[in-house]
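Descriptive structure summary
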Amino acid sequence: MGIMKIGIIGAGNIGGNLTRRLTALGHDVSVANSRGPHTLTALAEETGATPVPVEEAARGAEIVVVTVPQKRVPDLPSGVLDGAAEGVAVIDTGNYYPQQRDGRIAGIEDEGLTESRWTERHLGHPVIKAFNGTYAQDILDRPRPADAPDRMALPVAGDDEAAKTKVRALIDELGFDTVDAGGIDDSWRQQPDTPVYGLREGVDGVTKALAEASPERPAAFRG
């Protein structure tokens, strides 16, 4: 793929481990969190990533990963993606946990928006949904070569085909297969408590799990 400039907004488990892997692959990674760059010194020293304020994370980036709690998406600075490279692919790793963390979000529950469509509206930019059902530790522990029989597959949903292709290529470079899970309005198939969520299987298993999903939001994930 060549070296890319990648911005990561959110330095929790997923954001931190993507920072570790993407820097190890040679990409130029900027990482930001809500508490400020000074809190990311250890991660920067470990990985060689550049800690930046949230407002600067997307600057010049070809791929931006937004990996913050769902309820925090509206708190991101307006224009957070300003200054990104033309054709930037924005990855949304988020999940809506109304009872456990996020409280009730009307757009998701009353309007029936998928979680990523809601996020997309706040960001003002199309998103690609990926990594939302992936265990953070698997990003470090489970990469496999392209033809390995135990290579995991991740579902990837999004409306922008060029951005989706870019994201799928990056995930392949990270050591995982991908399955096209459709557009963002189809991304309910990979939301929490669906068959594919947390699934550690290959392309066939992931394809089957996506097909078996129900559009009915489970009671445990309603506010």
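Look up: the structure comes first, before these words.
Just so we're clear, the structure is a prediction, and the values are computed from it rather than from any experiment. (Residues numbered from 1 in each chain as written. Predicted model: local features only at pLDDT ≥ 70, side-chain atom pairs only at ≥ 80, totals over all residues. Heavy atoms only, no water.)

The next thing to look at is the environment of Tyr 97. Note that Tyr 97 resides in the loop between strand E5 (89-92) and helix H3 (98-102). Excluding residues that lie within four positions of it along the chain, Tyr 97 makes contacts with Asp 102, Gly 103, Pro 192, Tyr 197 and Phe 221. A distance of 2.3 Å separates a polar atom in the side chain of Tyr 97 from a polar atom in the side chain of Tyr 197. (Helix = DSSP H or I, 4+ residues; strand = E, 2+ residues; numbered from the N terminus. Contact = heavy atoms within 4.5 Å. Polar contact = N/O pair within 3.5 Å; in protein donor to acceptor, adjacent residues only side chain to side chain.)

Before going further, it helps to examine the sheet that holds strand E4 (residues 63-66). Within the open sheet, the eight strands sit side by side as E3-E2-E1-E4-E5-E6-E7-E8. Their pairing is mixed. Single-partner strands in this sheet number two, and they are strand E3 (50-51) and strand E8 (177-180). Relative to strand E2 (residues 28-32), strand E1 (residues 5-9) runs parallel, the two sharing five bridges. Bridged to Ile 9 within E2 is Ala 32. Here helix H5 (residues 115-123) sits on the sheet in contact with E4, E5 and strand E6 (128-129), set at roughly 130° to E5. Where helix H7 (residues 161-174) meets the sheet, it contacts E1, E4, E5, E6, strand E7 (153-158) and E8, and its direction lies at approximately 165° from that of E7. (Pairing = 2+ DSSP bridges. Axes fitted to C-alpha atoms, helices over the stretch in contact; angles between N-to-C directions.)

Here we take up the pattern of salt bridges. Applying the stated criterion across every chain, the model contains 18 salt bridges. Close ionic contact of Arg 200 with Asp 138 constitutes a salt bridge, the shortest N to O distance being 2.7 Å. In this pair, Arg 200 is assigned in the loop between E8 and helix H8 (203-211) and Asp 138 in helix H6 (residues 136-141), connecting sequence segments 62 residues apart. Look at Asp 138 and you get buried, because its relative accessible area is 4%. Salt bridges here are not isolated pairs; linked through shared partners, they connect Arg 117, Glu 120, Asp 159 and Asp 185. (Salt bridge = Lys/Arg side-chain N within 4 Å of Asp/Glu carboxyl O. Buried < 20%, exposed > 50% of the residue type's maximum accessible area, 1.4 Å probe, protein only.)

Here we take up the layout of surface pockets. Where empty space is left can be seen by rolling a probe of water-molecule size over the atoms. In this structure, the largest pocket encloses a volume near 790 Å³. Along the wall of the largest pocket there are 37 residues; nearest its centre are Gly 12, Asn 13, Thr 67, Val 68 and Pro 69. When residues in the lining of the largest pocket are grouped by element, the largest group, five residues, is from helix H1 (residues 13-24). Residues of the lining of the largest pocket, tallied by class, amount to 16 nonpolar, 16 polar and five charged. Taken as a whole, the second largest pocket holds about 260 Å³ of empty space. In terms of lining, the second largest pocket is formed by 18 residues, of which the most central are Trp 188, Gln 191, Pro 215, Glu 216 and Arg 217. Classifying every residue of the lining of the second largest pocket gives eight nonpolar, five polar and five charged. (1 Å grid on protein atoms, 1.4 Å probe; cavity = no way out; pocket = protein on both sides within 12 Å on 5 of 7 lines; lining within 4 Å. Points joined across faces, edges and corners; volume = space filled by probe spheres on them. Nonpolar A, V, L, I, M, F, W, Y, C, P; charged D, E, K, R; others polar.)

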